[in-house]
Each structure stands twice: as C-alpha cells, then as structure tokens.
Amino acid sequence: MGLTPLEIEALTLSLRVGVWSTICSLPLGIAVAFLLARRDFPGKQLVNGIIHLPLVLPPVVVGYALLVLLGRNGIIGAWMYASFGVTVAFKWQGAAIASGVMAFPLLVRAIRLSLDAIDRGLEAAARTLGAGRLRVFCTVTMPLAAPGILAGAVLAFARSVGEFGATITFVSNIPGETRTLPIAIYSLTQTPGGDAAALRLTIISVVLAMAALLISEFLAQRIARRIGQAPATA
Amino acid sequence: MIEIAVERRLGDFRLAAEFTTEAAGITALFGRSGSGKTSLVNAIAGLLRPDRGTIRIGDEILFSSERRIDLPPERRRIGYVFQDGRLFPHLSVRSNLTYGMRRRGAVGFDAVVDLLGIAHFLARRPRELSGGEKQRVAIGRALLSNPRLLLMDEPLASLDAPRKAQILPFVERLRDELKIPIVYVSHAMDEIIRLADTLVLLSEGRVAAVGSVASLTSRLDLRPLTGRYEAGAVIQAAVARQDAGDGLSELAFPGGRIVVPRVDLPHGTPVRARIRARDVSLALAAPEDISILNIFAGRIVEIADEAGAQVDVSLDIGTPAAPVALWARVTARSARHLGLAPGMPVVALVKAVALDRTSLGRLGSQRSDEEEE
C-alpha cells in the first residue's frame, strides 16, 4: 500500500520541521544546559524558569506569543521584514521555530542531567594534563555527555514532529507549507469522510515515532560502548 | 626548591600550611584524614585557589596572592596522580597516556610504557583494567605530560596489599631513574618509610613538623601524629653482608648490624629500616641461648607514659658521635619490674622476622638531614 501524495507531503514536511528544529536548537540547548549546570550567575533561576515555560503553558499561548513577537507585524518580525525582507509567519520555518521552542525544555533537561552526572574530577584531571577549558569541553565533557545529548535530541525531535497547538496558532494550517502530520490529522477529522485517511496518518505517526526511538536506542548503545560504559540493559 | 605557603578557609576547616622542600626526591605529606592533605595538593595543582599565599617551584611562581599571579592548572606543568585514578573512560589506555603529550618532555612514550609495564594493554579501555593497572596508567599519563613536579594523592589507598607491593617499586623507579620530584600524600607510614626522603607532618590544616623521615619518626613528641600502633623508629643503614645460605642480609648502622630477611640489593646500598616499637623487647643483660638475632646495647633516653598498660621507651643504640634512636614499647609492669629509668644501659632485642620487606626502604638518590621548620 503506497502513500498518497498528500500523505507524503505531510510526512516530509513534518520530517523537515523536526530535523531543522532539532539541529538548530541543539547548539543553543547544549550552551544553555552547560550554563545552568556549571555556572552561577544572577538571574539563573529566572532563565531556568523561562526555558521551562513551554512545558507548563498551554501551547496556544506559546504560539500566540510567537505570533506577537515574530509575526509579520510582530515586534521582531516587523523589523526583520523591513530590514531583510524575510518573515517566518505562515512558513514551514515558522513551524520549525514553534516546535523548537516547545521542545527546548526537554532538550535542555536531558543534556543538563547528563552534564550533572559527569565526574568533574575527570575535567580537573584533564586540566592538570595541560588541556585548557575549551579542549576539556571538547575532549572530555562533550564525549561523556553524548548519551544525554542524543537522548535529548531524539526527545526534541519527537516532540517537534508531534507539535500541534503552538504551530497552528503561529503559522496556521497551510497545505504543503505548515500542514504537518498532526495538523493534517486534525484537518481530516474535521472533514466528513476523512476518518480512514486520518487513521492512515495516525499509523504513519506511530511508525515514525517508533523508528526514532529505535534508532536512538541503537546509537545510545554504541556511544555507551565507545565511552567505556557497560551497555545499559533495557 | 619548592616553596609552599597557602591559606584557605573551607567551611569550618582552615588550611594554613607552609613548608619548603628540595626539588628532588620524594616529599611525603602525612596526616590523618581531614588534616588537609588533599586540599594542599589541590592548591599546588591549581585546582583549589588559596585565599592567600605563595606557591613557587624553583624560579617560577605558580601562585602569589600578593603579586596577583594564579596560573591555571593547565599551565602549571604539575602532574597529578589521583587517588581514584580518574582515567578517561571514553578513551583507550593509549589515548589516555597521550592526552597530555602536547607538552613534550624528557621522557618518551616507550620509556614510560616500559617502566610501568603497561605495554600489553594499551588498546584496552580503563574499565577493563584492574585497580593496580589503572593506577599504573594514571602514573604514566601524568609523567607523559612532562611535569616538573608530580603530585601523588594516596595513589595506593584503593589497592589491596599485594597490588600495593606491585606498584611501590614503580614509584621507586620514578624517583631513582627519572629523578622527578614527587609530593606523595599518604596516611600509611610503611609507604612513607619505603619511599620518602622528607616528611611533612600535617595536622588540622597546619604543618606540625618538617624533616627527614628518620628524625621525625624517632621523636616521641610527634608520636600522636606519626601513629601509635605503627609507631617505631627508622634507622638508616647500608647493606653490609648477604647470607644466601640462611636467606638473611646484614645491614650496618653506626653502633651495630641489623639482621633482616634477605633484601635483594647490592652491597653498600643505603637503606632505611623501620623497627616498630612493639617488636622491640628490653633486657638488662644480653640473654644467652635465645632465638633473637638482633641484640643491641644501648641507653634509655626517655620514657613516655602511654595511657593504659604500656610505656614507650626511647633508646640510643648508636655511638656517642652518631646516636641512633630506637623505640621499645613494653608493659608498664615490665618497666617497673626492671626499674627502667632514663640514662640506664639496657639491651634491646629485635626479632629478625619482624623486619619484612615493607619495613625496608631504599634511600633516595639524594637526601638531606636538616631538622624542623
């Protein structure tokens, strides 16, 4: 049974949104997690709270906030459009931003947990061996945090692919541009006679999520072996 | 010359340690847990920032609060062997060893691998190594970063006795063959006797005494710090005769010879022998027909009352020109019965078998006998 063009469209759009939102938020997520895990600075709790807001706010609120900030007439969006002629409103890039923001707390939490678990003594040892902070970060901290970074990335990807509320509020429901899998499913359930098609998309969603989990599990075991930990038993 | 003077407050604990030592041989930091040993070496390595003070190795100042110098650890060129090894779990043994080799040094990779006997597991991961193997790799990794000073923080504490015995010769080789100055933290007197030239006694964050191992361990007033159960004197002697037939060696010191189980060292090698106070018996006259091989004539210097049934008697069994201190721990009843008193001539009896290999240390290449701080 082949996929219909509409299904392929929704699937590839979802993948594109998920991949881009994950790739773009990963460096920022690592930086923020590192700051929260290793540095003390004034307003740290406030930063921590703001990052976690999408986890507790209704997604619609986040979507609306993005619209206010980044929409064509938004505070930042209007300036971006005037200066560079670019806008993310009603574009798939906007969908990627919305799902990236929603997934960000999950990403940061997973990375921060793995940073907290690293034996700081290993970093101290590396410095006595002549490695500066940057080299220690690249050769000791990052490799040891790799499993947590991977877990966070997969979680963020899955969350991005499943993002609905913030996305539909911010960039609406435009076929081929912002109609991702969940939005397509929602549209079909609102259409008379769309149940069968909605079910097919639901199955595609489940397969996609399972595939992401399996791939991450496989990679996690390889990384665990590489960094010298016994493979985790499932 | 290594010059350390640091102050640092850590909660209720205050570290205020000050000492200087030769930039050669092994300097032991000895004290019970909580005396500030690890904080002190962390300060030397740059991992703990002192509130005040100076740390200087030779001409280079690593830290000076007055001159606002605080070199980061990676620029101090100080090797650090941690108690828990701290090998990088994600790297092979070979990559662990080469991690610090950007600072190229006098000792090459092959020489270190050879010296420590770790050639056959270079490809393995740290988790596949035994505790003793891990510590050897940790020592090698520190050496290959070309340090001007090696810090060893109880490197043997997590190992059992056979493993310790396996590693100690390697540490001796660092001292004798590579001539790298070492600051060695320990709370095991037998390791210190075997390895160290200079002893720094730490107590509650302060330096209680600095001096040669022999001079500090023979002082009754430092007994609470040097340890009660393990207490004893350290005698400097030299290998004088080997008796292969009986499996014994004779060590000469000013005033006599000590017979010990055979030590495999060339004639004339200077050694340190530790004789624990509880292995020494006293008599008023040399007994005949007795199994004990070591019988020394001496004179009582001091008698220290121990709490309870024991007294520690400090003796001089050397010559008038070169006094040699020995301690005997006897019961208070025996002391009373024999009428022991300072100045009295006595005979000290030591079983040869009480002096095993852990009580004998080969002396470092150079040493100094200066007393006190």
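Residues numbered from 1 in each chain as written. Chains lettered and ligands numbered in written order. Predicted model: local features only at pLDDT ≥ 70, side-chain atom pairs only at ≥ 80, totals over all residues. Heavy atoms only, no water.

Caption draft 1: Looking closely at the overall build of chain A. Scanning chain A for helices and strands turns up ten helices and zero strands. Reading the secondary structure of chain A in the N-to-C direction produces α-α-α-α-α-α-α-α-α-α. Reported as C-alpha extents along the three principal axes, the dimensions of chain A are approximately 65 × 45 × 30 Å. The 234 residues of chain A split such that 44% are buried. Summarising the internal contacts of chain A: among those between residues at least 6 apart in sequence, 71% fall at separations of at least 24. (Helix = DSSP H or I, 4+ residues; strand = E, 2+ residues; numbered from the N terminus. Buried < 20%, exposed > 50% of the residue type's maximum accessible area, 1.4 Å probe, protein only. Contact = heavy atoms within 4.5 Å.)

Caption draft 2: Summary view of the sheet that holds strand β12 (residues 232-243) of chain B. Residues and elements named next belong to chain B. The strand order β14-β13-β12-β15-β21 describes an open sheet built from five strands, whose pairing is antiparallel. Only two strands of the sheet have a single neighbouring strand rather than two, namely β14 (256-261) and β21 (360-362). Neighbour-to-neighbour, the strand axes of the sheet open up by a mean angle of 40 degrees, direction not taken into account. Bridge count for β12 against strand β15 (residues 270-276) is seven bridges, and the pairing is antiparallel. (Pairing = 2+ DSSP bridges. Axes fitted to C-alpha atoms, helices over the stretch in contact; angles between N-to-C directions.)

Caption draft 3: Looking closely at the interface of chain B and chain A. Counting residues at the interface gives 22 residues for chain B and 24 residues for chain A. Across the interface of chain B and chain A, roughly 1900 Å² is buried in total on both sides, 60% from carbon and sulfur atoms. It is B:E74, B:H90 and B:Y99 that lose the most area in chain B upon contact with chain A, and together they represent 35% of the buried surface on that side. In this structure, the connection of chain B to chain A is made through one salt bridge. Here B:E74 ties to A:R127 by a salt bridge, and the two come within 2.7 Å at their closest N and O atoms. The tally of links between chain B and chain A comes to five residue pairs in polar contact (both at pLDDT 80 or more). (Buried area = accessible area lost by both parts, 1.4 Å probe. Salt bridge = Lys/Arg side-chain N within 4 Å of Asp/Glu carboxyl O. Polar contact = N/O pair within 3.5 Å; in protein donor to acceptor, adjacent residues only side chain to side chain.)

Caption draft 4: Molecular detail of the confidence of the model for chain B. For chain B, per-residue confidence averages 86 on the pLDDT scale, and 94% of positions sit at 70 or higher. Note that residues 365-373 of chain B has pLDDT below 50 and, in this model, 27 contacts with residues that lie over four places away or in other chains. (pLDDT = per-residue confidence, 0-100.)

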